[in-house]
Structures are given as C-alpha cells and as structure tokens.
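What follows is each chain in one-letter form.
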Amino acid sequence: MSAPALAGATHRVPAALAAVAALLAIGAAAIWSVQPPAARNASVPATEFSAARAFDQVKAIATEPHPVGSAAQDRVRDYLLSTLRGLGLTPEVQDTVSVQGADLSSSAGGAGFARVRNVIATIPGTASTGRIFLVAHTDSVQVGPGGNDDAAGTAAILETARALTSGPRLRNDVVLVLTDGEEACLCGAKAFVDQNPLAKGGGIVINLEARGSSGPAIMFETAKNNRRLVDIYGQAPKPVGTSFAVEIYRLLPNDTDFTAFREAGFTGLNSAYIDGAAVYHAPTDTPTAMDKDSLQHHGDNALAVTRALGDRDLAGLKSGDDATYFPAPGLLVRYPGELVWPLAVLALLAVIALAWLARRRTLTDSKRLVKASALAVVPIIVAPVLAQLYWALLKLIRPGYAEMPIDPYRPEWYRLAVVAIAALVVLAWFVWLRRVAGPATLAIAGLGWLAVLGVVLAAVTPGGSYLAALPALAGALAGIVAVLTRGWWSVLAVTIGGAIAVLILLPTVIMLFPALGLKLGATGAFLTVLLGLALLPVVDLIHPRAESQHGLDALRGRRRGMLPTFAALLAVVVCTVAGLSVDRFDTEHPALTHLMYALDADNNTAQWLSDEPVVQKWTSHYVSGDLHKVNTTLPAFGPEELRTGPAQSASLPAPKLTLLSDTRSGDSRVLRLRLQPQRTVRLTTLHVAAGVKVTAATIGGRAMTIGKVADDGPWGFGFVFHAPPADGVEVTLTVQTAGQVKFRAMDGSDGLTALPGFTARPAGVGIVGSHSSEMLAVAATYDF
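Conventions adopted
- Residues numbered from 1 in each chain as written.
- Predicted model: local features only at pLDDT ≥ 70, side-chain atom pairs only at ≥ 80, totals over all residues.
- Heavy atoms only, no water.
- Helix = DSSP H or I, 4+ residues; strand = E, 2+ residues; numbered from the N terminus.
- Buried < 20%, exposed > 50% of the residue type's maximum accessible area, 1.4 Å probe, protein only.
- Axes fitted to C-alpha atoms, helices over the stretch in contact; angles between N-to-C directions.
- Parallel < 35°, antiparallel > 145°, perpendicular 65-115°, else oblique.
- Contact = heavy atoms within 4.5 Å.
- Nonpolar A, V, L, I, M, F, W, Y, C, P; charged D, E, K, R; others polar.
- Disulfide = S-S within 2.5 Å.
- Phe/Tyr/Trp six-rings, centres within 6.5 Å; stacked < 30°, edge-to-face > 60°.
- 1 Å grid on protein atoms, 1.4 Å probe; cavity = no way out; pocket = protein on both sides within 12 Å on 5 of 7 lines; lining within 4 Å.
- Points joined across faces, edges and corners; volume = space filled by probe spheres on them.
- Pairing = 2+ DSSP bridges.
- Patch = residues over 30% accessible without salt bridge, like charges linked within 9 Å, V, L, I, M, F, W, Y side chains within 5 Å.
- Areas by Shrake-Rupley, 256 points an atom, 1.4 Å probe, with all protein chains shown as cover.
- Salt bridge = Lys/Arg side-chain N within 4 Å of Asp/Glu carboxyl O.
- Core = buried A, V, L, I, M, F, W, Y, C linked by side-chain atoms within 4.5 Å.
- pLDDT = per-residue confidence, 0-100.
- Expected span 1.5 Å × (residues − 1).
- Arc of directions from axis to C-beta.
- Lys, Arg positive; Asp, Glu negative; His and termini not counted.
- Left-handed = near helix turned anticlockwise from the far one by under 90°.

Cis rather than trans, the peptide bond between Asp 149 and Asp 150 has omega equal to 5°. Of note, Leu 186 is a non-glycine position whose phi angle comes to about 60°, a positive value. Tracing the backbone shows Leu 186 in the loop between α6 (182-185) and α7 (187-195). Classification of Leu 186 by relative accessible area gives buried; the value is 8%.

Structure follows, in structure tokens:
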C-alpha cells in the first residue's frame, strides 16, 4: 500500500499536491463544523434568537459578584421576576432549604445545605404530553460576576422564552427553572427536583452552562438511553457534540445542575461553551469577556430543540440505548449504540483482510508486520508523554501558568505546538522505519492499532469507539481498493480514507483541547497521533522514494525525507515562541493567586492560607512553600493540605452556637442547637468531635441521612450551610453519648482588603477562580 508505488513515480508530485490540498479542504470544513455561528443583532424577527438581545440581559445580570444569599443576588432575582412578568408569564420564587449530598458527610466540610430561592415560570402548552425544563443557574461565585457562568445560560433562557412567547404556542409545557445556589452546592436544582410539584413525573431537561468565554456550545452530557433525544438534537441549526465526551464526563466527578435532574430520573441534554477558561470563576468573567457568537450558539440550539420537543409526544421519545454521534460539516452523524460492536469488529476484520492482501501482493510479510505493529506503540506513548513534559516546561518558563484553572489566557499557539509535537513524533517514527519496514507495512500497523483500540473502547467507553473504529475501517477499505488498483485511483482511495479520519478525529481534537486544557495536553497529542497513523498512506506521498535510488542520490533522498520532520520540529519552536510572546500577564490578563485568612477565636491566633500548587511571588509574602493539614482547627477544609503563614489577629466575632434543649435517654442525647453567625457571611459550618456517633440530624428543617463519617483528624460528622439566615440555623442532632460533646463552628465571609497586614495586589496580579478565594474564616470551639 505504498502511495508512491500506487501513484507512479512520474505522477508523484501532482498526486501529493492533490491529496494534501483535498485533506486541507476537508480539514477546514471539519474545523468549521465545531465553530459557533455569527452573533445576530437585535433586528432579527421576534421569533428568532438574537445574541444582541440576550447580551443586554447578560449585562443586567452580571454587574457584580452575586453568590447565593447575597444582596446582589436579591437584585438579580428581582430583575428576573420583572423580566419574566414583562413576557406575560407568572413567575414564582421557590424559597426553601435544600441539602445536596445528604449521605456524604465524609466529604470535606460535610453535607451541603443552602437556603435557595429559585425563580420558576411556566409557558403553558396547548395539550401537553409532558414538560420541557429549561435550566440555568442565576448565582455566581463570590469573586466574579459570572458574565459567562452562568449569566450566559440565564440570558439565553430569557431570550428563548421571549422568542417562544412571540410565536405560536407549543403543544407541551415549557418550564423555566432559574436555579439558585449552584456554585455553592447544586442545592437549587436539588430543591426543585425534590420539593417542587412541577418536577413530579419528570420530563426533559435542557441545561445551559458555561465554563469559559468562547467556543461552540457543546452538548457534552446526556442521561442514559439518549438515542431518540440525540436525533432531535441533531436537527438543531448547528449541533456540536460527541458521544465520547458523554462517556468521559460520566467517569469524572464533575457536576452541574443537570446532575440533580439526571439522578432524579429526568432525561435531557447538558450544553456548555468551554473555551477561554482562564476567566472561569474569576473576577475577569465579565460580560465584556464573552464571545457573543458562543451566546448565539447556545440560544440557537436551545430554541430549536425546545421547539422540536414542544410539538412532539414526549412519551414516545423513550429509547433503550445510547447513540454514538459526532459533528461533521452541516450535520451531526449518529447511529444506534447497537452498531458499536459490529463496526468495531468489522474494522478489525478489514485491517486483517488488508494485511492478508498486502502479503499476497508482496507489499509486506509477516515478520515486518509483527515488528512494525510492536513499534507502532512508540508514537502512541511518546507523543502524549512529550505533551505533558511540554506543559511542565511552559510552567518552568512562566510559573504563573501553574495557577491557571484550565488553560492560559491565549492558549492557541501552545495547542498548535502540541499538535506539532505529535506530528513530529509520528513523522520521525515513519522516517525511521520506512526504509526497513516499508510504507505499506507501517500503514497497516497503524490501522491495526486503531482497530484494536476501537474494540477496547467498545468494551470500556462505547460512545468513543467510533474515534478509532471508523478511521480504521475507512483506512482498511481504502487500502484494499488501493492495493487492487493502480495510479490515480489508488491515490483517490487513500485520500478518501484519510479524509474520513480527518472528519472524525480533527473536530474531537479541537473540542478536547479546551475541555481538558494543556494540563492534560496528552489527550490531544494522543488523538493527533491516531490521526497521523490513519494518514500514513498520504504521508508517504510527501516522502521521496529512496528505495529505488543508490549511493549519493539515496542519501539525498533520505535527507529530503527528513524535511517534514524538521518542519514539524520548527513548528513546535515557532508556536512556542509565538505563544510566549502573545500570552503575557498584564492588567487585563493577570497572573492568578489564591489567598485565605483564618482566625481561631479560641486563642485569638490567625494564619494566611493558600492552595497554590506553586507559590506565586505575591502570595509568598503571606505563606511559605510547605504544605500542612489544617483540619484540626478548620475541619470544613477536610484533609486537604494547604500552604500557611502567620497573620495578625483581626477583631472579628466567631459564630455563636447556643444549646436550645438537651433531651437525654440512656446513653444518647438529642441536642437542639442554634448556629448563628455574628457578622455577614456566605457560609457557616459545624462539626462534631471524632468519636461521637451522630445517628440522626436535621439542619434548617431538612433531615439528612448519616453516611460514613471520615475519621481523619479530630473532627467527624459535619455540614456546611450556605446563605444562612440572619437569625441562624437550627440544628437537631441525636448523638450516642451521655458525656460532653465538643463542637467546632466556623463561618466564612469574602474579602481580605480590610485585614491587618494585607497589601493590595499590584497591577497584573489577580484572583484565581476558586470557591475559597479571598475567604475570611473565623472558628471557635464549644462544649455541651
């Protein structure tokens, strides 16, 4: 399957140019398939989605940080109620206490409670067969205004609601669920599915999120048995998503509001745009940071899918399997999950057939095939390793990168460098073995690894099997045609095989880079290697045919054959230099730092805390490089190790814990307590000393199931209560002890600027997007 032999020596250059030009065109189309559409202005018809109109909502919502329970969040809620009433709807506020992770009291801090106030409105259908829930969260983190996360999702729902109410009524009810407390504990979504009558009977959820400031709105998560729902999503104006992302996300510990719905038996789709993640949860997540094209994509797809679902019999959308799907120019390719195994096996058989045919045509032999197959693992391993070493090198050059949440501010050149690293490894491997093994042998070995990987993925992550199985199948079939034909037909065959690989793998590479970041650049390098292996027949076209040359001509040919490898190496260097030149920290793109303050009211001592993986220059004025556990005095932080440093004590009141009643029965006690912060705080926590068994607990009127309690440290059972009421939180605990019970109470507010010893950050130094950034904690011990 040697491409030069197939094309003929006299047509080698035209064949190479034609194949490369075709693949470049296909590659451009593949890249376009995962780009958001252009933002539309406010002059578009009222029944259509306009990013310009939605962006006005974003600017109204994201004026300042507005975490759950804050006065700023009260203002956001009032704005939402007014806007929905202006659309002729009758919104309601679900004001309640919710618990998320009620059986997870072993987690850091314990179970999460919050007083939440969801905004809910219904657009009634004409003859509803079920409910469609449009979901986004309205709160932000404590240090950033949430211009993208999730003012974008909230604004997209408001604009979608406006478009829906401007047109004919749908058959099915559409319920707008604008949740509170997502950033704190997902408690708003949990409150809705557990307590709201509209959640009874379930339904279909469309959740809108953002974990960045740009990029396509990717449908990255679904409930199980998604095939028919994916078919509907495929009818959206520009569907972007991959079943591989769904499989990966199911393995990760990450959660959104969609989690609460999915676990309650709802089906649905979860979408987010995720590029530009340097602003994630940070003060820089402002409306001006948003790419309005991403907002348009969010809204276009949400509106189209809602309308498609709105006129269907929702009971008929149930399916018994998951779909495999991926983006292609102009459509979402999809097929039933029951085809995953047949296609994976067929790809493996096709590669075996190609190997047999190539042996028959004396293009290879068993010995060379075995050797090449064994050595094909080299680029598969080496390229990802080099990608991770590359990120480590970048952090050495620019230490501030260590604190970036996902990616640098402008990572595009670095991503290209990772792709070039993978190309460099594949090309060097190909040149190294081409003379001794032959191009046909190497191509078959590469396809063999793809086919084997397709079978492995079919067993482990079925939705990702297509990434390897389909390129292997296309490449093997193209190879068979190429072996059986001559001249331009063979070139056409291998080009078509390569084009299919490009269409399948290139969009996934583009989507996974922002999804996993340069911190996990090995994944992008790995997929790029798979693409390189699938393109080996075309790669061979750009290499001189040194086999038929002798002496000095052969040496020159081999040197020319190294040119693509040297070009890839040069690309790595150029992209790295360009990246370092373009991506510099400045006032608009600050180096990120993390700092907290904790006061122990028992002895009036204080300390600075930071969870920076590498202590930044500014933070080093407050903490040392050593790591320490702080759960002895701050059990809410769990077993996490933090960097610490001495701090001046501030005059701050500790949370007050009052014993309201104590009912004793044998060796157990029922303690009724009130935990009341003495200052304005975002959260408060309470922990019981280790060794005291808590058998029942009711927090703020919500009972929780007692799970396995961590025994690491002096504290055991505990909880975190977000947005505590001013009059405190009532706590009822049943404990198995007749003796004294020790408690550790803590509360946390936001803002360090008024503390003694704190110096404002200079220009170019910012705050990392973390739920604990700028926290001011005060803790005290009580015995009853």
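The discussion continues.
Viewed as axis vectors pointing N to C, helix α13 (residues 366-375) and helix α15 (residues 412-437) meet at an angle of 170°, and their least axial separation amounts to 11 Å. Classified by the angle their axes make, α13 and α15 are roughly antiparallel. Taking contact as the criterion, the partners of Arg 368, Ala 372 and Leu 375 in α13 are, on α15, Trp 429, Trp 432, Leu 433, Val 436 and Ala 437. The residue makeup of the contact of α13 with α15, split by class, is 7 nonpolar, no polar and 1 charged.

Simply put, disulfide is the name for a covalent bond between the sulfur atoms of two cysteines. Using the criterion set out here, one finds 1 disulfide in the structure. A sulfur-sulfur distance of 2.0 Å marks the disulfide that ties Cys 185 to Cys 187. Between Cys 185 and Cys 187, the disulfide has an S-S torsion of -130° and is therefore left-handed.

Quick look at the packing of aromatic side chains now. For the structure shown, the criterion picks out 21 aromatic pairs. Between Phe 133 and Phe 261 the ring centres are 6.4 Å apart and the planes differ by 40°, which places this aromatic pair in the tilted class. Taken together, the positions of Phe 133 in strand β3 (residues 131-137) and Phe 261 in helix α10 (residues 257-263) put the pair 128 residues apart, joining distant regions of the chain. For the pair Phe 133 and Phe 261, a shared accessibility class is recorded, and that class is buried. Taken together, a centroid distance of 6.0 Å and an interplanar angle of 55° make the contact between Phe 743 and Phe 784 tilted. Here Phe 743 is found in strand β22 (residues 742-750), whereas its partner Phe 784 is found in the segment after β24 (775-783), with 41 residues between them in sequence.

All told, the structure shown has 4 cavities of 30 Å³ or more when counted by the stated rule. Approximately 100 Å³ is the volume attributed to the largest cavity. Of all the elements in the fold, those that place two or more residues in the lining of the largest cavity are β5 (204-210), β7 (267-273) and α11 (292-310). In terms of residue count, α11 provides more of the lining of the largest cavity than any other element does, 5 residues in total. Residues belonging to the lining of the largest cavity are distributed by class as follows: 7 nonpolar, 5 polar and no charged. The volume enclosed by the second largest cavity comes to roughly 50 Å³. Lining the second largest cavity are Leu 447, Gly 475, Ala 478, Gly 479, Val 494, Gly 497, Gly 498, Ala 534 and Pro 537.

What follows deals with the sheet that holds strand β16 (residues 668-676). Strand order in the open sheet formed by 5 strands is β15-β16-β21-β18-β19, with antiparallel pairing between adjacent strands. Of all strands in the sheet, those bounded by a partner on one side alone are β15 (656-665) and β19 (702-704). For this sheet the average axis-to-axis angle between neighbouring strands, irrespective of direction, equals 20°. The pairing of β16 with strand β21 (residues 729-735) spans 7 bridges and is classified as antiparallel. In the sheet register, Leu 671 faces β21, and the bridge partner there is Leu 733.

This part takes up a nonpolar patch on the surface. A contiguous nonpolar patch, built from Val 378, Ile 381, Val 382, Val 385, Leu 386, Leu 389 and Trp 432 and spanning about 600 Å² of accessible area, is present on the exposed surface. If one sorts the elements of the nonpolar patch by residue count, helix α14 (residues 377-397) sits on top with 6 residues.

With that out of the way, let us pick up the nonpolar core. If you look at the biggest cluster of nonpolar residues, it comprises 96 residues, and the most contacted ones within it are Trp 429, Leu 442, Tyr 466 and Leu 536. In terms of residue count, α15 provides more of this core than any other element does, 14 residues in total. Every residue in contact with Tyr 466, bar those within four places of it in the chain, is listed here: Thr 242, Ser 243, Phe 244, Thr 324, Tyr 325, Phe 326, Tyr 335, Pro 471, Ile 504 and Thr 508. Counting residues in hydrophobic clusters, the runner-up holds 56 residues, among them Leu 89, Val 119, Ala 161 and Leu 269.

In this structure, the second largest pocket occupies an estimated 1,400 Å³ of space. Every residue lining the second largest pocket is counted, 42 residues in all, and those nearest its centre are Leu 24, Val 419, Leu 506, Thr 528 and Leu 531. Counting residues per element, the ones that place at least two in the lining of the second largest pocket are α2 (12-32), α15, α18 (487-516), α19 (521-534), α20 (536-541) and α22 (563-582). The biggest single contributor to the lining of the second largest pocket is α15, with 9 residues. For the lining of the second largest pocket, the residue count by class is 32 nonpolar, 6 polar and 4 charged.

Before going further, it helps to examine the confidence of the model for the protein. This prediction gives the protein a mean pLDDT of 93; 95% of its residues lie at or above 70. pLDDT under 50 marks residues 3-10. Its contacts with residues more than four places away, or in other chains, come to 23 contacts. The model gives residues 102-107 a pLDDT under 50, and that stretch makes 18 contacts with residues more than four places away or in other chains.

Turning our attention to helix α12 (residues 340-360). When the terminal C-alpha atoms of α12 are compared, their 30 Å separation across 21 residues agrees well with the 30 Å that a helix rising 1.5 Å per residue should span. Of the residues making up α12, those classed as buried are Val 340, Ala 344, Ala 347, Ala 350, Val 351, Leu 354, Ala 355, Leu 357 and Ala 358. Viewed along the axis of α12, the buried residues span an arc of 165°, placing them on a single side of the element. Set apart from the buried face of α12 by more than 90 degrees, the exposed residues are Leu 349, Ile 352 and Arg 360. Where α12 ends, the next residue or the one after it, Thr 362, has phi of about 60°, a positive value.

This part covers the side chain of Glu 209. By the element assignment, Glu 209 lies in strand β5. Summary of buried charges: Glu 209 has no salt-bridge partner, and the nearest side chain of opposite charge, Arg 211, is 9.0 Å away. Here Glu 209 is in contact with His 137, Asp 149, Asp 150, Glu 182, Thr 256, Ser 271, Ala 272, Tyr 273 and His 298, once residues within four sequence places are set aside.

Let us look at the packing of α15 against α19. Contact pair α15 / α19: the axes reach a minimum separation of 8 Å and the direction vectors enclose 40°. It follows from the interaxial angle that α15 and α19 lie oblique. Seen along the crossing, α15 lies across α19 with a hand that is right-handed. Of the residues in α19, those touching α15 at Val 418, Val 419, Ala 422, Val 426 and Trp 429 are Gly 521, Ala 525, Thr 528, Val 529, Gly 532 and Leu 533. Its residues placed into classes, the contact of α15 with α19 shows 8 nonpolar, 3 polar and no charged.

Before going further, it helps to spend a moment on the pattern of salt bridges. Evaluated as defined, the whole model comprises 28 salt bridges. A salt bridge links Arg 262 to Glu 221; the shortest N-O distance between them is 2.4 Å. Of the two residues, Arg 262 is situated in helix α10 and Glu 221 in strand β6 (residues 218-222); the sequence distance between them amounts to 41 residues. Note on Arg 262: relative accessible area 29%, which makes it partly exposed.

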